[in-house]
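Notes for the structure review
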Amino acid sequence: MPCPAGESWERVVKLFEVTTSPLSADEVVSRLANPGVGGVATFIGVVRDSTDGRQVLHLEYEAYPEMAEQTLAQIGAEIQARWTTVREVAIVHRVGRQEIGETSVVIALSAAHRAELFDALHYAIDRLKEIVPIWKKEVWTDGSEWRSEQ
Amino acid sequence: MKVRVRYFASLRETVGLEQEEFELAAGSSVEHLLAALAGAHRGLDTRLAAVRAAVNRCYVSMGTLLKDGDEVALVPPVGGG
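So, how was this worked out
Residues numbered from 1 in each chain as written. Chains lettered and ligands numbered in written order. Predicted model: local features only at pLDDT ≥ 70, side-chain atom pairs only at ≥ 80, totals over all residues. Heavy atoms only, no water. Helix = DSSP H or I, 4+ residues; strand = E, 2+ residues; numbered from the N terminus. Buried < 20%, exposed > 50% of the residue type's maximum accessible area, 1.4 Å probe, protein only. Axes fitted to C-alpha atoms, helices over the stretch in contact; angles between N-to-C directions. Left-handed = near helix turned anticlockwise from the far one by under 90°. Contact = heavy atoms within 4.5 Å. Nonpolar A, V, L, I, M, F, W, Y, C, P; charged D, E, K, R; others polar. Buried area = accessible area lost by both parts, 1.4 Å probe. Salt bridge = Lys/Arg side-chain N within 4 Å of Asp/Glu carboxyl O. Pairing = 2+ DSSP bridges. Expected span 1.5 Å × (residues − 1).

Before going further, it helps to spend a moment on the overall build of chain A. Broken down by element type, chain A carries three helices and nine strands. Scanning chain A from its N terminus toward the C terminus, one meets helices and strands in the order β-α-β-β-β-α-β-β-β-α-β-β. The principal-axis extents of the C-alpha atoms in chain A amount to approximately 55 × 50 × 25 Å. When burial is assessed residue by residue, chain A has 48% of its 150 residues classed as buried.

Right, dumping it as structure tokens:
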């Protein structure tokens, strides 16, 4: 392996990521540079076992990964412009096949004071469902369908 | 000119492709591209009303003019989370 002179050994942390790997909320929180800032709020999206009374077997998530990461970063920038006490934002979305009870998305926000964290968190998940190019297919015992809240 | 068209989720299944190179007249807009694609792919025309377009990974309006080499994604209603 080449080892270019001057290369930094600092850990590269992605704050906005689309991944096929299983998610851990603790791991996403640890991506925030300074978790000791005062408070951290997290939203953990979990695969549901039914929708409209139909039994879901599993979900298939698909993304336009490059644009999805870009729009996740856009949401982070929007939050920091609107809620100036929010210090950092990390959003990681898993794609591919996911079983009931698995974590599909983790949103973590840090701030010195709690007041704005929850509003910002609510905004993050609403905005994610509005602009991030990620799609969810529900697979039932008797069929499947791409779902959207729009 | 040529653009790269990318399809996702339900549109990928409708068209049967993940992506394709598509030849267009110079000066064409996103709207022109979508009309041409609807003519080339059965079942696509009825789906286009709900589709947003992204050029080079940014959402754009239908009147946006395309350039050679642009990547155009057809984005059906999203549903992450």
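A word on the packing of helix α2 (residues 65-82) of chain A against helix α3 (residues 117-131) of chain A. All names here are of chain A. At a closest axis distance of 10 Å, the pairing of α2 and α3 adopts a crossing angle of 145°. α3 is crossed by α2, and the crossing has right-handed handedness. Two secondary-structure elements touch here, α2 through T71, L72, Q74, I75, E78, I79 and R82 and α3 through A120, Y123, A124, R127, L128 and I131. Classifying every residue of the contact of α2 with α3 by side-chain character gives eight nonpolar, two polar and three charged.

In this section: the interface of chain B and chain A. Facing 20 residues of chain B, the contacting portion of chain A comprises 26 residues. Carbon and sulfur atoms make up 53% of the surface buried where chain B meets chain A, a total of about 1900 Å² over both sides. The tally of links between chain B and chain A comes to three salt bridges. The closest approach of N and O atoms between E62(A) and R12(B), which form a salt bridge, is 2.4 Å.

Residue and element names in this part refer to chain A. Along the chain, A108 turns up in strand β7 (residues 103-111). We classify A108 as buried; its relative accessible area is 0%. Taking the C-alpha atoms as reference points, A108 and D26, 82 residues apart in sequence, are found 9.5 Å from one another. Other than its neighbours up to four places away in sequence, A108 contacts V28, V29, L32, A41, T42, E88, V89 and A90.

Residues and elements named next belong to chain B. The strand order β2-β1-β5-β3-β4 describes an open sheet built from five strands, whose pairing is mixed. Strand pairing shows two members of the sheet lacking a second neighbour, β2 (19-23) and β4 (58-60), which therefore form its edges. Within this sheet the neighbouring strands show an average axis-to-axis angle of 35°, counted without direction. As paired elements, strand β3 (residues 52-55) and strand β5 (residues 71-75) share four bridges and run antiparallel to each other. Residue pairing across strands places R52 opposite V75, the latter belonging to β5.

Here we come to the sheet that holds strand β1 (residues 16-19) of chain A. One key point about sheets: their strands pair by backbone hydrogen bonds, in either a parallel or an antiparallel sense. All names here are of chain A. Taken together, four strands build an open sheet; the order of strands is β1-β5-β7-β2 and the sheet is mixed. Where the open sheet ends on each side, the last strands, each with one partner, are β1 and β2 (39-46). The average undirected angle you get between the axes of adjacent strands in this sheet is 10°. As paired strands, β2 and β7 are joined by eight bridges and run antiparallel to one another. Across the sheet, the residue bridging to I44 is V106, located in β7.

The next thing to look at is α3(A). For α3(A), with 15 residues, the first-to-last C-alpha span of 21 Å sits near the 21 Å given by 1.5 Å per residue. Turning to α3(A), its buried residues number three or more, namely L117(A), A120(A), L121(A), Y123(A), A124(A), I125(A), R127(A), L128(A), K129(A) and I131(A).

Below, the discussion takes up unusual backbone geometry. Residue and element names in this part refer to chain B. In this structure, N56 is a non-glycine residue whose phi angle is positive, near 50°. Within the chain, R57 stands out as a residue other than glycine whose phi angle is a positive 75°. Inspection of the secondary structure assignment puts R57 in the loop between β3 and β4. Assessed through its relative accessible area of 32%, R57 is described here as partly exposed.

This brings us to the pattern of salt bridges. Within the structure shown, the criterion is met by 16 salt bridges over all chains. For the salt bridge of E66(A) with R6(B), the shortest nitrogen-to-oxygen distance reads 3.1 Å. In this pair, E66(A) sits in helix α2 while R6(B) sits in strand β1 (residues 2-7), so the two residues belong to two different chains. Note on E66(A): relative accessible area 29%, which makes it partly exposed. For R6(B), a relative accessible area of 13% corresponds to the buried category.

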